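Residue strings, one per chain:
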Amino acid sequence: MTRVSRTQRILLIIALGFIALSTVRAITGEDVLTSSGTARAMLILALPIAMCALGGLVAERAGVINIGLEGMMILGTWGAGFGGWHYGPWGALLGAVIGGALGGLVHALATVTFGVDHIVSGVAINLVAAGLVRFLSEAVYAEGEQGGGPTQSPPIGAARSFDVPILSSGPDLLGRLERTDVIVLSDIGGVLRGLTSGLTVFALIALALLPLAWFVLWRTALGLRWRSAGENPVAAESLGVNVYRMKYLAVITSGALAGMGGLMLVLFTGSYREGMTGGRGFIGLAAMIFGNWRPTGLAMGSGLFGYSDAVRLRAQTSAAVLALLLLVGLILAAVGVWDLYRRRFVLSAVLLVLAGAAVLGWATLDYLPNEITTMTPYLVTLAVLATASQRLRPPAADGMRYRRGEEH
Amino acid sequence: MTWLLQLARRIAPTLVALVMALLITGVFILIIGENPLAALGALFDFGDSATAQANSIGVWINRATPLFLSGLAVSIGFRMGLFNIGVEGQYRVATVIAAGVGAAIVLPAPLHILVIVLVAMAAGAAYAAIPAVLKTTRGVSEVISTIMLNSIAIGLAAWFVRSPFADPDLGAGETAATRPIDESGHFPGLNDLFGTLGLEEPRRPVHGFVVVAIVVGIVMAVVLSRSRFGFELRASGLNALAAAANGISSKAMVIKAMLLSGALAGLVGLPDLLGSAHRFQTDSFVAGYGFTGIAVALLGRNRPGGIALAALLFAFLDRAGPRLQSEGIPPAAVTIMQGIVVLSVLIVDEVARRRLRRREERRARAQDPATRSEESAAQPEVSS
Amino acid sequence: EDDDGGSEDTTESGEDGGSGDGLQVGLAFDVGGRGDRSFNDSAAAGIERAQDELGIEFNELSPNPDGSNRDELLRELADGGHEIIFGIGYAFGEDMDTVADEYPDVQFVRIDGAPSDKENVAVMNFADHQGSFLVGVAAALMSESGQIGFVGGNEGVVINAFGAGFKQGVAAVDDSIEVEDHRLAAGEDPSGFDDAAGGRVAAEAMYDRGVEVVFTAAGDSNVGVFQAAADAGAWAAGTDSDQYETVGDPELQEVIFTSMLKRVDNAVFESIDTYISEGDVESTVYDLSDDGVGYSTSGDHMSEDIIAQLEDYKQQIIDGEIEVSSEE
Amino acid sequence: MTENAAPVIELTGITKRFPGVVANSDVHLAVKPGEVHAVVGENGAGKSTLMKILYGMYQPDEGTISVDGAPVEFGSPRDAISAGIGMVHQHFMLADNFTVLENIVLGAEPTSGGRLDFGAARTKIQEISDRYGLGLRPDRMVEELSVADRQRIEIAKVLYRGARVLILDEPTAVLVPQEVDALFENLAELRSAGLSVIFISHKLDEVLQVADRITVIRRGATVGTVDPQATTSRQLAELMVGSELPTPETTESTVTEVVELAVADLRICSDGERDLLSDITFDARQGEIVGFAGVEGNGQSELVEAIMGLRKPDAGTITLGSQDMTAWSAQDRRAAGIGFIPEDRHRQALLLDAPLWENRLLGWQTKAPAGGRYWIRPRLARQEAAAIMTEYDVRAPGPDTMADALSGGNQQKFVIGREMSTKLRVLVAAHPTRGVDVGAQAAIWDRLREARAAGLATVLISADLEELLGLSDTLYVLLRGRIVAKLDPADVTPEILGGYMTGAVTANGEAAER
Ligand SMILES: Nc1ncnc2c1ncn2[C@@H]1O[C@H](COP(=O)(O)OP(=O)(O)OP(=O)(O)O)[C@@H](O)[C@H]1O
Ligand SMILES: Nc1ncnc2c1ncn2[C@@H]1O[C@H](COP(=O)(O)OP(=O)(O)OP(=O)(O)O)[C@@H](O)[C@H]1O
Ligand SMILES: [Mg+2]
Ligand SMILES: [Mg+2]
């Protein structure tokens, strides 16, 4: 498979998926599936996850597994609250990055310098971070400074948002398109409008980090050395690459990116609150693996999660979530038919039965209990993974202890 | 004598690390302006009266039991390099199902308990089978699937407790719960045992399930070190490729390890359920043992004995939470200390292990005649 | 003002000490502990007032993050010689009943939760539904289009009572209004109380659909709803404490027109007061009649007219002319 | 070659101690410009260590290095590289998931404005490739390439950095004769361009063929430097070992008529264009060693995997004695008495982080007395491991030593001992002596012959043609997944065999046009 054909395949899958989505939207009349609001919410919910996933990517590309993303994100949220309180949104950015990076530094120290198992170190960082932020808040906000307290920072205000002129404000061309009610076209309008409105500078920075990370990792000399530390550190060292330095750089960057994820949350809700990360660091890790250790893949993984989360949060009734069930059914059926064509009969039978069940569920149920709707993003992610059979390719030396001069 | 020395050698690094952890935590305590020495005192304060002390021991046991079981469950996967972070979800689902089924049946006492235990293990194993099957048939990373299934478990348990297993007799304003389990399904507490041992009886129920946990721990220790399954598990974890080349099917091992891990996870919620709660209620259900179990398992180096010690250590710190607060130290100190303990123990351990390793390699090499030092000292004849 | 952030144990008895000089009072917070600017802090305010006005001494403890040691906190306080011990939050339910048996001489007081059959346990409940009813009335009066929403943290009994009362209040003004109801988490899952981002997204969707007023009962997630309201230029109502005062952000103050007040502080103070005078505390339901619940008017967003109508409804409820149910 | 030119590299009095071992002691080595200088010695004699010192990976405890007569100190490979020294390691140091280009430029990347300048890199690599006839394709992924290709990448890596002195540590261990010839042609190109090559090999014939001078190292010290013209490989070996070598006795055929392993019409398809294996049919009788020759990647691995039950064939049957075992699991096959020496001992045969007694169990965990259906018996496993260690002369402190701590040769002897100490019916051995020195090699061969005499049926895969010809009773040649020839090893020379392996000669013995 050449690179070109992979990009083309991804684009094709996205296009087909989108057509399926707008068909389902048209059949069910659930506009929430492709409305601009949903797209905007998707972006907002996906970005914190994507930042953590990107953090995971840069660390693992250098060979260090980072299960401590959640802890680093927690440190990021606290740093954002503290920085934002003193110096406004840019201070929040600085605080988040420093907070997360400090978490990364500890992880680097433990894994690179002391050769501690990467998972142990990450788990420990999650523990320490969760406790530490409480300590810090007790120390800094003890006097109840302007609304701060042991579990929250003073309000720093949400970041200012703007719409892209012409497209999504003023003449609002995309808005017009969204309102045309032509299948696919109006859906495209909705989604694009959602992605071009309610933006903040910080969301744009975060978005830009995705291609930037790709560029640095795959198009620069630094990136080549960085990845070589995760593929074959011994070879890298033998060519004069300072593997320890690369790993330190990667893990600290990883923490900073997780901190960015925390920043997204703080700026969206206007203050730091204890527990606000809600396990998004772990979801980020999952999104990165989902994306097969690639920026495009992790963006898709985060996007998928953000999208299904957005749908269930924005849905007025559970009918919208049921519509997703229909979508899942259609996808399963399509993959099932494809497997039938490829003569993989057992698999195809399983998929077609599941597809039938999904469609039947959509047709007969008229209500889903909240217990089920709140599971939506997790179920959708699992369903997609189970259908798309994965050939995962982690970096070859991912998670391995590397000691300079030892060559096993 | 030599074994004493060896034991001391093995324990010394851990002690050093624990002292380090205490020092670091002390620094944090200084930062918030409290007295670290008072905190240290609180840590080892078991209370003034004999009752209070017995009570403290009871709390310690009650907390250590689920942590031990959870650590054990986590370690099974880790031993073969399977990252089962799904214990959290597995024990939640298992506990609610065990509570529901346990309340629906009435059997003679030991049988009733046995059935509940088996149901919990089966439910845990079944829930763990999902990531196992997804991994072996569809190549889905168990890291992702267990993360997703942990969240799904929350909704699932919420649904169980409200729909199929809901207690119809709950009054208005009462939180949804399963029906209470009949008396015959209550696990006898250890309180009487304290009396027999000449101690004060603790006021709180001390979960007798700790006995089950100990038995399970011993069985697992034997299975892991002496059984073929244990060997194959370890082999797969050390070198999956070599294991496969030597007839150990990795798919079969994934399934077996996940099922066993899930079955053990099913036990995690039982000390509380059978010992004191007797019903499942989301609010009083203690969540988080699955995640803490990861740290416990890693700290215990994935060995049953080590996990027991790690669970006791974690529970010891947890137990001190309220006393520490009385000294003005926020409960978060306990979490921080746990994290730092894990890190410092493993760092010190790693350094010690590396030294040991070097010594061993030196010895191995000394036996290799091609490089035996005294021989290489011999004058080489030079010809040209 | 505290000398070091509320972590001190006992304090000198107040100068203007009442008759409770030196009474030892224990307080066990809900998960999260002091500083939540809501439920826990409200309880803390009550006990601090008792310290000032009645001269009691107190000691406070918070559970560990997984809430597994609530019973231990109660025991720790009982062993410490506290005569009256508060457990804040309905999650203290069974733990408190168990511990109460172990310490028959100690008076336990639970804030929120199911009734108890123990002699020495008093349960202080709040007619959340009544307060929410008034917020519902206010919401209906504030809205022009009649589109109104409710965001709840989960589906537990407490939040359900908020939702139920609110909807009845809306219906009392205009029974054609269908209130949109969104819960951030299922069942009793507490994660919905920490999900400010989710709260904001859910509320944004409501405002996008034309909703003008959203009542939110979702703990820390409330702030997300307020952000959404500020963004949409619409109204939001908060819960537990006067969130206009606690939110601290002028932009958000612009949109919080009222909060459903739950006077935990009053319940705590009065319990202590009663205990001092009578040596015993009885279970009580705090409602509109004793200002145990109510609504706030900070910010003056509601017109005189609306407040007058609210007072009218309030009187009708107190008089029993309107019966508000805690269930839908 | 200039006879009396000043040496470009001179190592004097190099001593290097590792904890518990003196790897090099007072070693002297002088390399002249434009010469191929071979270094030979037993396993663990200190060759690689010496080279790593020259390449800046280790710092000597004593002694000096001079380049062009001037003393230098190398703190890291970077220093050595800038002094014009390059090294191709014994174990390739390539990132599989990188392209050829990425592997070559790593650490010395041309950049333009922060960006890696792929164009410039490609041009330069092409230039080097053309100049020395390396035939590189910069954008291929390394994982898709053959061993010989990888080696050329390693050489290109060194040349790309402008090396004047190339160190090749056992470059031929994994190559077939034609590839070795190609490599030697490359070396000739380098030499004529004035570059010096330091060449390490255990194959003494090759050394004599390619080297201009040979330095012998024994137990960390230089024994001397000899002229290949005036030395035989036997003399060379004796210099290495320090004593006379026993003459290998000629062996008689022990082949019986009883077929122990029968493979019929075996086929393994792949996703790609052609089958990995097709129409493989052969028998292995008791007392017979069946050899398979072939350039790496022509189906040997798949054949081994199919016999061991690690890969499901798409068609065909495999029979053990009278039982059809096609559907058996790998474990069943081991239990039935099939021994396995995999090609990559680190990856497939050993648990490096486990003690030797656990390694003794690996593969035989179901076999009594140490293993079993449900339980293992560590005490017995320790005894058995100790027995293997004495019998196979595995030099290590004891059964509780970690496998990791053993040298490669000793690890291999342990693996062979493990497999042979069970009562076997069939042995599948892939490259059993790869990277093992002459002494250990002879010992392993003896063991294989003894087992054969006792009636064992052996399937032998090897890249070492001497080994194949010397051991096999019947020899097959695999090419592109097919058996292209069945030969009598008594009648073929390595050259003819090499011809079959590359397809230059067809089954009728005629030269095919290339
Ligand atoms: N980094 C090291 N630490 C400790 N001992 C080492 C190290 N590297 C090599 N040795 C030891 O030094 C000795 C010389 O090893 P070296 O690798 O140089 O041998 P060699 O001649 O290359 O052997 P082979 O032919 O097997 O490649 C061996 O005993 C080896 O075990
Ligand atoms: N850093 C090191 N520390 C300890 N031992 C080492 C180190 N590096 C190499 N060795 C040991 O030195 C010996 C020689 O190393 P080398 O890489 O030459 O392997 P080898 O013995 O030739 O085995 P193989 O045939 O597999 O290459 C081995 O025993 C290896 O384990
Ligand atoms: Mg070597
Ligand atoms: Mg070697």
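Along every chain, residues carry numbers that run from 1 in the direction the sequence is written. In the order they appear in the text, chains get letters beginning with A and ligands get numbers beginning with 1. Reporting in this predicted model follows two pLDDT cut-offs: at least 70 for local features of residues, and 80 or more for side-chain atom pairs to be given and counted; totals over whole chains, interfaces and linings ignore these cut-offs and use all residues. Calculated side-chain values reflect all of the structure's heavy atoms, with hydrogen atoms and water omitted.

Named according to an unreviewed UniProt entry, chain A is ABC transporter permease originating from Phytoactinopolyspora halotolerans.

A. Focus on the overall build of chain C. Where helices and strands are cited, they refer to DSSP runs of H or I of at least four residues and of E of at least two residues respectively, numbered from the N terminus. Helices and strands together make up the secondary structure of chain C, namely 11 helices and 12 strands. C-alpha atoms define the radius of gyration, and 2.2 Å times the number of residues to the power 0.38 defines the globule rule. In terms of overall size, chain C behaves like a compact globule, its C-alpha atoms giving a radius of gyration of 20 Å where 328 residues would be expected to give roughly 20 Å. Counting only C-alpha atoms and orienting by the principal axes, one finds that chain C spans roughly 55 × 40 × 35 Å. Type-normalised accessible area, obtained with a 1.4 Å probe on protein chains alone, sets the label of each residue: buried when under 20%, exposed when over 50%, and partly exposed for intermediate values. Looking at the 328 residues of chain C, the share that counts as buried comes to 64%.

B. Spotlight on the overall build of chain A. Broken down by element type, chain A carries 16 helices and 0 strands. Against the 2.2 N^0.38 benchmark of 22 Å for 408 residues, chain A shows a C-alpha radius of gyration of 22 Å, consistent with a compact globule. When the backbone C-alpha atoms are referred to their principal axes, chain A occupies close to 60 × 55 × 40 Å. Expressed as a percentage of the 408 residues in chain A, the buried residues total 61%.

C. Layout of the pattern of salt bridges. When a carboxyl oxygen of Asp or Glu lies within 4 Å of a side-chain nitrogen of Lys or Arg, that pair is called a salt bridge. Tallied over the full model, the rule gives 69 salt bridges over all chains. Here D31(A) ties to R25(A) by a salt bridge, and the two come within 3.8 Å at their closest N and O atoms. The partner of R162(B) in a salt bridge is E188(C), and the shortest N-O contact between them spans 3.1 Å. Taken together, the residues R162(B) in helix α6 (residues 142–162) and E188(C) in the loop between β7 (180–183) and α6 (196–208) connect one chain to another. What makes R162(B) partly exposed here is its relative accessible area of 28%.

D. Region of the structure containing the interface of chain C and chain A. With 34 residues of chain C at the interface, the matching set in chain A holds 35 residues. Together chain C and chain A conceal approximately 2900 Å² of surface at their shared face, both sides included; 46% is due to carbon and sulfur atoms. At the boundary of chain C and chain A, one finds 5 salt bridges. Across the pair E251(C) and R160(A) runs a salt bridge, and its minimum N-O distance is 3.5 Å. Nitrogen and oxygen atoms within 3.5 Å of one another constitute a polar contact, given that in protein one can donate a hydrogen and the other can accept it, and given that sequence-neighbouring residues count only through two side-chain atoms. The tally of links between chain C and chain A comes to 11 residue pairs in polar contact (both at pLDDT 80 or more). Of all the elements in the fold, those that place two or more residues in the side of chain C that touches chain A are β7, α6 and α7 (222–232) of chain C. At 9 residues, the largest contribution of residues to the side of chain C that touches chain A is made by α6(C). Partitioned by chemical class, the residues of the side of chain C that touches chain A number 10 nonpolar, 7 polar and 17 charged. We call two residues contacting when some pair of their heavy atoms lies within 4.5 Å. Here the quantity called buried area is the accessible surface, traced with a 1.4 Å probe, that two parts lose on coming together, added over both. Any residue that is not Ala, Val, Leu, Ile, Met, Phe, Trp, Tyr, Cys, Pro, Asp, Glu, Lys or Arg is counted as polar, Gly included; the first ten are nonpolar and the last four charged.

E. Quick look at the domain arrangement of chain A. Residues and elements named next belong to chain A. By the assigned domains, chain A splits into domain 1 (35–163 + 199–316) and domain 2 (172–197). Here the C-alpha centre of domain 2 lies 31 Å away from the C-alpha centre of domain 1. Each side of the interface is counted separately: domain 1 has 9 residues, and domain 2 has 8 residues. Interface area, domain 1 with domain 2, both sides summed: about 690 Å², of which 60% is carbon and sulfur. It is S36, R40 and L199 in domain 1 that bury the most area against domain 2; as a group they hold 54% of the surface buried on that side. Our count for the domain 1 to domain 2 interface comes out at 0 salt bridges. For the pair domain 1 and domain 2, the number of links is 4 residue pairs in polar contact (both at pLDDT 80 or more). Grouping the constituent residues of the side of domain 1 that touches domain 2 by class yields 5 nonpolar, 2 polar and 2 charged. Domain start and stop positions are those given by an automatic or database domain assignment.

F. Main features of the packing of aromatic side chains. Pairing of aromatic side chains here covers Phe, Tyr and the six-membered ring of Trp, requires ring centres within 6.5 Å, and sorts the geometry by plane angle: under 30 degrees stacked, over 60 edge-to-face, intermediate tilted. All chains considered together, the criterion is met by 32 aromatic pairs over all chains. Taken together, a centroid distance of 5.6 Å and an interplanar angle of 25° make the contact between F126(C) and Y286(C) stacked. Highlighted residues: F126(C) in strand β5 (residues 121–126) and Y286(C) in strand β11 (residues 284–286), separated in sequence by 160 residues. Put simply, the rings of W78(A), F82(A), W85(A) and Y141(A) pair up and form one aromatic cluster. Over the ring of F316(B) we find R319(B); its NZ or CZ atom is 5.1 Å from the centre of that ring. Over a ring means this: the NZ of a Lys or the CZ of an Arg is within 6 Å of the ring centre and within 35 degrees of the ring normal.

G. View of the arrangement of the chains. The highest contact count of any of the 5 pairs of chains in contact belongs to chains B and D. At the C-alpha level, the nearest point of chain C lies 38 Å from chain D, with no contact between them.

H. Quick peek at the packing of helix α1 (residues 39–54) of chain C against helix α10 (residues 264–278) of chain C. Residues and elements named next belong to chain C. Each axis is a line fitted through C-alpha atoms, taken for helices only over the stretch in contact, and angles between the N-to-C directions span 0 to 180 degrees. The geometry of α1 relative to α10 is characterised by a closest axis approach of 7 Å and an angle of 35° between their N-to-C directions. In the crossing of α1 with α10, the sense of the turn from one axis to the other is right-handed. Together, F39, S42, A43, A45, G46, I47, R49, A50, E53 and L54 of α1 and V264, D265, N266, V268, F269, I272, D273 and I276 of α10 make up the contact between the two elements. Grouping the amino acids of the contact of α1 with α10 by side-chain chemistry returns 11 nonpolar, 3 polar and 4 charged. Rotating anticlockwise by less than a right angle from the far helix to the near helix defines a left-handed crossing, while the corresponding clockwise rotation defines a right-handed one.

I. Structural view of the sheet that holds strand β9 (residues 165–169) of chain D. Residue and element names in this part refer to chain D. If DSSP finds at least two bridges between two strands, the strands pair. The strand order across the open sheet built from 6 strands is β6-β9-β10-β3-β11-β12, with neighbouring strands paired in mixed fashion. The sheet terminates laterally at β6 (85–88) and β12 (221–226), the two strands that pair on one side only. Strand-to-strand twist of the sheet, defined as the mean angle between neighbouring strand axes without regard to direction, takes the value 20°. Across the face of the sheet, helix α1 (residues 47–54) comes into contact with β3 (36–40), β6, β9, β10 (196–200) and β11 (213–218) while running at roughly 150° to β10. Sitting on the sheet, helix α6 (residues 177–192) touches β3, β9 and β10, and the angle it makes with β10 is about 150°.

J. Up close: the UniProt feature "transmembrane region" (unreviewed entry) in chain A. The residues that UniProt annotates with the feature "transmembrane region" (unreviewed entry) are residues 42–60, 67–87, 93–116, 199–218, 248–270, 282–307, 319–338 and 345–363 of chain A. Secondary structure over residues 67–87 of chain A splits into 90% helix and 0% strand, and the C-alpha atoms at its two ends are 31 Å apart. UniProt positions are given in the numbering used here, feature names are shortened, and annotations may be inferred rather than shown by experiment.

K. Spatial organisation of the environment of I307(B). Structurally, I307(B) can be placed in helix α14 (residues 304–319). Taking C-alpha positions, I307(B) is 15 Å from S225(B), a pair spaced 82 residues apart along the chain.

L. Representation of the interface of chain D and chain B within the structure. The interface is formed by 51 residues belonging to chain D together with 39 residues belonging to chain B. Of the roughly 4100 Å² buried at the junction of chain D and chain B (both faces included), carbon and sulfur atoms supply 54%. Three residues stand out in chain D for area buried against chain B, namely R219(D), R395(D) and P397(D), and they jointly supply 15% of the buried area on that side. Taken together, the connections running from chain D to chain B amount to 1 salt bridge. The partner of R234(B) in a salt bridge is E358(D), with the nearest N and O atoms 2.4 Å apart. Linking chain D to chain B there are 12 residue pairs in polar contact (both at pLDDT 80 or more). Counting residues per element, the ones that place at least two in the side of chain D that touches chain B are β2 (21–31), β12, α10 (330–335), α11 (345–349), α12 (356–361) and α14 (408–420) of chain D. Classifying every residue of the side of chain D that touches chain B by side-chain character gives 23 nonpolar, 17 polar and 11 charged.

M. Local environment of the sheet that holds β7(C). All names here are of chain C. Judged by pairing direction, the sheet is mixed, and its 6 strands sit side by side in the order β7-β6-β8-β9-β10-β12 without closing on themselves. Where the open sheet ends on each side, the last strands, each with one partner, are β7 and β12 (293–295). When strand polarity is set aside, the average angle formed by the axes of neighbouring strands in this sheet is 15°. Where strand β6 (residues 148–152) meets strand β8 (residues 213–217), 5 bridges bridge the pair, whose relative direction is parallel. Opposite G152, over in β8, you have A217 as the bridge partner. Contacts from helix α5 (residues 157–173) reach β6, β7, β8, β9 (235–240) and β10 (256–262) within the one sheet, and its direction differs from that of β6 by about 170°.

N. A look at a positive patch on the surface. Residues and elements named next belong to chain B. Residues R9, R355, R358, R359, R362 and R363 make up a contiguous surface patch of positive charge. Residue contributions to the positive patch peak at 5 residues, all from helix α16 (residues 332–366). When you line up the elements, R363 lands in helix α16. Exposure remark for R363: the relative accessible area of 52% places this residue in the exposed category. Like-charged residues are merged into a patch within 9 Å and nonpolar side chains (Val, Leu, Ile, Met, Phe, Trp, Tyr) within 5 Å, provided each residue has over 30% relative accessible area and no salt bridge. Here the accessible surface of atoms and residues is derived via Shrake-Rupley with a 1.4 Å probe, and residues count as covered only by protein chains that are part of the display. When charges are counted, Lys and Arg are positive and Asp and Glu negative, with His and the chain ends excluded. Charge coordinates come from a single atom per side chain, which is NZ of Lys, CZ of Arg, CG of Asp or CD of Glu.

O. How the structure looks around the pairing of β2(D). Residues and elements named next belong to chain D. In terms of burial, β2 is largely enclosed, as 8 of its 11 residues are buried. When strand β1 (residues 9–18) meets β2, the two strands line up antiparallel, connected through 7 bridges. Across the sheet, E10 pairs through a bridge with A30, a residue of β2.

P. The arrangement of the nonpolar core in detail. Ranked by size, the top nonpolar core spans 382 residues in total, and within it L263(A), L270(B), L274(B), I85(D), L166(D), F199(D) and I214(D) carry the most contacts. For this core, the leading source of residues is helix α10 (residues 243–269) of chain A, giving 15 residues. Discounting residues that sit within four places of it in the chain, L263(A) has contacts with A80(A), A92(A), L93(A), A96(A) and F202(A). Counting residues in hydrophobic clusters, the runner-up holds 61 residues, among them L23(C), F86(C), V170(C) and M260(C). In plain words, nonpolar cores are sets of buried Ala, Val, Leu, Ile, Met, Phe, Trp, Tyr and Cys residues tied together by side-chain atoms within 4.5 Å.

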